[in-house]
Amino acid sequence: SGIASVTSSSTTLTMPAADQEITATYTDKTWALTVNSGTGDGSYAVDTVVPISADTPPSGQDFDEWIGDTEGIAGLTSSSTNLTMPYANAEVTATYTDKTWTLTVNSGTGDGSYVAGAIADIDADSPASGKQFDEWIGDTEGIASVTTAHTTLTMPYADAEITATYEDIPSGYTL
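Please read these numbers as outputs of a predicted model, since none were measured by experiment.

Cut-off values and rules
- Residues numbered from 1 in each chain as written.
- Predicted model: local features only at pLDDT ≥ 70, side-chain atom pairs only at ≥ 80, totals over all residues.
- Heavy atoms only, no water.
- Pairing = 2+ DSSP bridges.
- Helix = DSSP H or I, 4+ residues; strand = E, 2+ residues; numbered from the N terminus.
- Buried < 20%, exposed > 50% of the residue type's maximum accessible area, 1.4 Å probe, protein only.

Caption draft 1: Focus on the sheet that holds strand β11 (residues 119–124). An order of β9-β11-β13 is seen for the 3 strands of this open sheet, with the pairing classed as antiparallel. Looking along the sheet, the strands with just one partner apiece sit at the ends: β9 (108–109) and β13 (150–154). Bridge count between β9 and β11: 2 bridges; the pairing is antiparallel. When the sheet's bridge partners are listed, Thr-109 is paired in β11 with Asp-123.

Caption draft 2: Unusual backbone geometry, seen in detail. A positive phi angle is found at Ser-37, which is not glycine, with a value near 60 degrees. Mapped onto the elements of the fold, Ser-37 is located in the loop between β1 (30–36) and β2 (38–39). On the accessibility criterion, Ser-37 (34% relative accessible area) is partly exposed.

Written as structure tokens, this is what we have:
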């Protein structure tokens, strides 16, 4: 009794008519962590290891990396990782990138990573002596023309593999 404010670090005491003993108490200072597009928000003391997780990526995208106050993040490119709380408020954001799919072209060119809907140029290799291009086989949905050696493929929402096939050149024609 007699202390003007028991929660202030500097206050006044009205001295009673008896000896008094007063003890200051302390708590850990906490700092705010804001996690955009993810979980882990809260108030934490310095050096607290906080698990953070990115939200489920939007359709057609993958988690990319964490941006913002990232100096305490264990794995910048991991969607679920830990952040060691700094001596300050911190804000991090999960970012996403368009999902890419792999196109494998056997006996031709056009291999690569593409986003769904991208148009990939595909070309069959030059045929061996006595052979001619026949058709594309495999994951052929999206190929502009399966019977054309130089064509395009609209990338599906999945990995795709296609193969150029060849046939013997006819040696003569029957009338």
